[in-house]
Amino acid sequence: MTKSDWSRAAPHAQQLGVTITDAGAVIVDAFTRTSVPGVFAAGDLAQTSDAPQPMFSVANAIATGAMAGAAAVQSLVADRIAALGAPEPAASR
């Protein structure tokens, strides 16, 4: 087993003001939302608060990327519904 070092290639996370771990990963929830509304993170960059470290794998990057895309669309739709003044649909009935 070996440990590989990593670092973000761009400063976007700091510029956006999202919460970052000591290791440099962006903290996300189960839906890849960061601490900044409307900002999502996925892949090696993202880490849930209960995980000991980010997961470095292609499969994880693909899965969290798909989740981030779906969550971003859901967020945009919810914003649009709110802007129209329509009530949001009930989460469960």
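Each remark here, short or long, concerns the structure printed above.
All of the points below concern the structure found in this document. Counting restarts for each chain, with residues numbered from 1 along the sequence as it is written. Since the coordinates come from a predicted model, pLDDT governs what is reported: local features require at least 70, and pairs of side-chain atoms require 80 or more to be given and counted, while whole-chain, interface and lining totals use all residues. The side-chain values count all of the structure's non-hydrogen atoms but skip hydrogen atoms and water molecules.

1. So, the nonpolar core
Then comes step 1: By size, the foremost hydrophobic cluster in this structure holds 7 residues: Ala13, Val18, Val26, Val28, Val39, Ala41 and Ala46.
Then comes step 2: Whether two residues are in contact is decided by their heavy atoms: any pair within 4.5 Å suffices. Apart from the residues lying within four places of it in its own chain, the contact partners of Val18 are Ala13, Val26, Thr34, Ser35, Val36 and Val39. Among buried residues, the Ala, Val, Leu, Ile, Met, Phe, Trp, Tyr and Cys ones that are joined through side-chain atoms within 4.5 Å form a nonpolar core. For every residue, the accessible area (1.4 Å probe, protein chains only) is compared with the maximum for its type, and the residue is labelled buried under 20%, exposed over 50%, or partly exposed between those bounds.

2. Observations concerning the side chain of Thr34
Then comes step 1: Here Thr34 shows up in the loop between strand 1 (26-28) and strand 2 (46-48).
Then comes step 2: Here a polar contact is recorded for every N or O atom pair within 3.5 Å, except that within protein the pair must consist of a potential hydrogen donor and a potential acceptor, and residues adjacent in sequence are included only if both atoms are side-chain atoms. A polar contact is formed between the side chain of Thr34 and the backbone oxygen of Val39, at a distance of 2.8 Å.
Then comes step 3: If near-sequence neighbours (up to four positions away) are discounted, Thr34 is found in contact with Val18, Val26, Ile27, Val28, Val39, Phe40 and Ala41. By definition, any uninterrupted DSSP run of H or I lasting at least four residues is a helix, any uninterrupted run of E lasting at least two residues is a strand, and each is numbered from the N terminus.

3. Some points on the pattern of salt bridges
Then comes step 1: By definition here, a salt bridge exists when the distance from a side-chain nitrogen of Lys or Arg to a carboxyl oxygen of Asp or Glu is within 4 Å. Summed over the entire model, instances satisfying the criterion amount to 1 salt bridge.
Then comes step 2: Linking Asp29 and Arg33 is a salt bridge whose minimum nitrogen-to-oxygen distance equals 2.6 Å.
Then comes step 3: Judged by its relative accessible area of 29%, Asp29 falls in the partly exposed class.

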